[in-house]
Amino acid sequence: MTLKVAYFFFGICRKASITESLKRLCVQGGIDLEMTEVDILVSGTAKYFFDKQRQDEFLHCVEAGEYRVCILSPPCGSWSRTNWANKARPQP
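The structure displayed is predicted, hence computed values, not measured ones. (Residues numbered from 1 in each chain as written. Predicted model: local features only at pLDDT ≥ 70, side-chain atom pairs only at ≥ 80, totals over all residues. Heavy atoms only, no water.)

Chemist: An account of the side chain of threonine 19 is requested, with residue identities and associated values reported.
Modeler: Inspection of the secondary structure assignment puts threonine 19 in helix 1 (residues 18–29). Beyond its immediate chain neighbours, meaning those up to four positions away, threonine 19 contacts Tyr7, Met35 and Glu37. (Helix = DSSP H or I, 4+ residues; strand = E, 2+ residues; numbered from the N terminus. Contact = heavy atoms within 4.5 Å.)

Chemist: Can you lay out the pattern of salt bridges for me, pointing to particular residues and giving the numbers?
Modeler: What the rule picks out here adds up to 4 salt bridges. Linking lysine 4 and glutamate 34 is a salt bridge whose minimum nitrogen-to-oxygen distance equals 3.7 Å. Within this pair, whereas lysine 4 is found in strand 1 (residues 2–8), its partner glutamate 34 is found in strand 2 (residues 32–38), the two being separated by 30 residues in sequence. What makes glutamate 34 partly exposed here is its relative accessible area of 38%. (Salt bridge = Lys/Arg side-chain N within 4 Å of Asp/Glu carboxyl O. Buried < 20%, exposed > 50% of the residue type's maximum accessible area, 1.4 Å probe, protein only.)

Chemist: I'd like to hear about the state of the cysteines, residue by residue, with values.
Modeler: In the structure shown here, the tally under the stated rule is 0 disulfides. With no disulfide of its own, cysteine 70 lies closest to cysteine 61 among cysteine sulfurs, the gap being 9.6 Å. Residue cysteine 70 is classed as partly exposed on the basis of its relative accessible area, which comes to 35%. (Disulfide = S-S within 2.5 Å.)

Chemist: Account for helix 2 (residues 52–63), with residues named and values stated.
Modeler: Look at helix 2: 16 Å from first C-alpha to last across 12 residues, which is about the 16 Å you get at 1.5 Å a residue. Two residues or fewer past helix 2, glycine 65 is found with a positive phi of approximately 80 degrees. (Expected span 1.5 Å × (residues − 1).)

Chemist: Go over the sheet that holds strand 1, please, and point to the residues and values.
Modeler: Pairing between the strands of a sheet comes from backbone hydrogen bonds, and it takes one of two forms, parallel or antiparallel. The 3 strands lie next to each other as 2-1-3, forming an open sheet whose pairing is parallel. Both outer strands of the open sheet, strand 2 and strand 3 (69–72), are each paired with one neighbouring strand and no more. For this sheet, the mean inter-axis angle between neighbouring strands, taken without regard to orientation, is 20 degrees. Summarising the sheet, strand 1 and strand 3 pair through 4 bridges and their orientation is parallel. Counterpart to phenylalanine 8 in the pairing with strand 3 is leucine 72. This element, helix 1, spans strand 1, strand 2 and strand 3 of the sheet and lies at about 170 degrees to strand 2. (Pairing = 2+ DSSP bridges. Axes fitted to C-alpha atoms, helices over the stretch in contact; angles between N-to-C directions.)

And the structure:
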């Protein structure tokens with residue numbers, strides 16, 4: 001079995017990411033994982049999400065049921081508690 005996942009706004013790679021966690025869980029469960037990762041800052045022009053044609057392609061795939069799971073996460077800089085950690089904080 002292959003688990004197909006679309007992950008929108010995934011951010012930079014890190015060992016505690018959702019992708020890395022899913023990979024470990026799938027290996028443990030004997031499940032293949034097919035991740036489609038889309039991020040407006042990381043993916044570059046191949047998956048540039050502001051392009052209307054690309055948006056329509058992703059929406060079509062989601063609506064057609066191509067993915068078993070869709071994950072959407074906002075940029076952490078827009079809601080993170082870290083923004084308010086000190087007096088020199090950036091505005092959220």
